[in-house]
Amino acid sequence: MSTQMLIYENAFPVSARRHAQWSVEPSGDYAFSAKVNSVPLMAVEFPPAASEYAIVFAGNDQGIMPVVILGMRGNQNVYLNSAGNWDAKYIPAFIRRYPFIFSSDEQGKTLTLCIDEGYKGCNQDDRGQRLFDEAGKATPYVDNVLKFLQNYQAQFQRTQAFCQKLKDLDLFEAMQASIHLPGGEKLALTGFMAVDRKKLKALSGDKLSELVQTDELELIYLHLESIRNFAGMRERLTVIAGGKEDETPPAKAPQQAAA
């Protein structure tokens, strides 16, 4: 995703040497994602996300991943209110893991916990949760962060396998969405993919049975139903006086280092 790393201003590996006196104070302010119009979504998140977001697929031959659409303009997240609070019941795990992230080596075999030192909740004044205790040992807070990111990584790999199966079954079709706003402004989101219903119905009984047994058919239908949420996004968009047609390119599939 071309904009996904913009939420991380200054990510560094977490270490007792560098962060011995550091704490993290959660603020509930998601303004860091204000200019992100889509983020990756893990397959396990489809059930809670499908009622509020449009879930589509983005990527290329190197990798395809599901994403949730957060805005029709390239630099606007319409799921934030004016106070920087998230205006939806479910918050994607990609957003919730901030300010932490795993980085990996080129082979993807070694994962390193990193923190965005630019996050406004980072401090050395004992506000919030300490990263290390007085003996230089990682605190339970860091242990919980690691567990969360390890689970995220596992779900990332499962989601990659799910998307590869859909690609192998040749179920994807190119798609675009457009919204007309009062005053004549037209917004278009292009270049992403959705599952083709006709291709899905044309699968053999064996292939459909396999998708049923793995619960992947349910994920597909959650994705297809979620497309209707594009219509509700119109109410969240701000009208720009004299605005003209604006076509936004698709989000790219996330790289392993951003998993």
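Throughout what follows, the structure given in this document is the object of discussion. (Residues numbered from 1 in each chain as written. Predicted model: local features only at pLDDT ≥ 70, side-chain atom pairs only at ≥ 80, totals over all residues. Heavy atoms only, no water.)

### Quick word on the pairing of strand S4 (residues 54-60)
Reasoning step 1: For S4, the tally of buried residues reaches five of seven residues, placing the bulk of the element in the interior.
Reasoning step 2: Of the strand pairs in this sheet, S4 and strand S5 (residues 63-69) are connected by seven bridges, and their pairing is antiparallel. By the bridge assignment, Val 56 is partnered in S5 with Val 67.
Reasoning step 3: Taking the residues between adjacent antiparallel strands as the criterion, S4 and S5 are bridged by two residues. (Buried < 20%, exposed > 50% of the residue type's maximum accessible area, 1.4 Å probe, protein only. Helix = DSSP H or I, 4+ residues; strand = E, 2+ residues; numbered from the N terminus. Pairing = 2+ DSSP bridges.)

### Some details on the nonpolar core
Soluble globular proteins tend to pack their nonpolar side chains together in the buried interior.
Reasoning step 1: Ranked by size, the top nonpolar core spans 80 residues in total, and within it Phe 57, Trp 86, Phe 100 and Phe 230 carry the most contacts.
Reasoning step 2: Examining the composition of this core, we find that nine residues originate from one element, helix H4 (residues 140-168), more than from any other.
Reasoning step 3: Residues within four places of Phe 230 in sequence aside, it is in contact with Ala 54, Val 56, Ile 69, Met 72, Ala 177, Ile 179, Leu 189 and Phe 192. (Core = buried A, V, L, I, M, F, W, Y, C linked by side-chain atoms within 4.5 Å. Contact = heavy atoms within 4.5 Å.)

### With respect to the pattern of salt bridges
Reasoning step 1: Evaluation of the coordinates by the stated rule reveals 13 salt bridges.
Reasoning step 2: Glu 216 serves as the salt-bridge partner of Lys 165, at 2.7 Å between the closest nitrogen and oxygen. Here Lys 165 is found in helix H4, whereas its partner Glu 216 is found in helix H7 (residues 216-226), with 51 residues between them in sequence.
Reasoning step 3: Residue class for Glu 216 comes out buried when judged on its relative accessible area of 10%.
Reasoning step 4: As a salt-bridge pair, Asp 170 and Lys 199 come within 3.8 Å of each other at their nearest N and O atoms. Of the two residues, Asp 170 is situated in the loop between H4 and strand S10 (172-180) and Lys 199 in helix H5 (residues 197-201); the sequence distance between them amounts to 29 residues. (Salt bridge = Lys/Arg side-chain N within 4 Å of Asp/Glu carboxyl O.)

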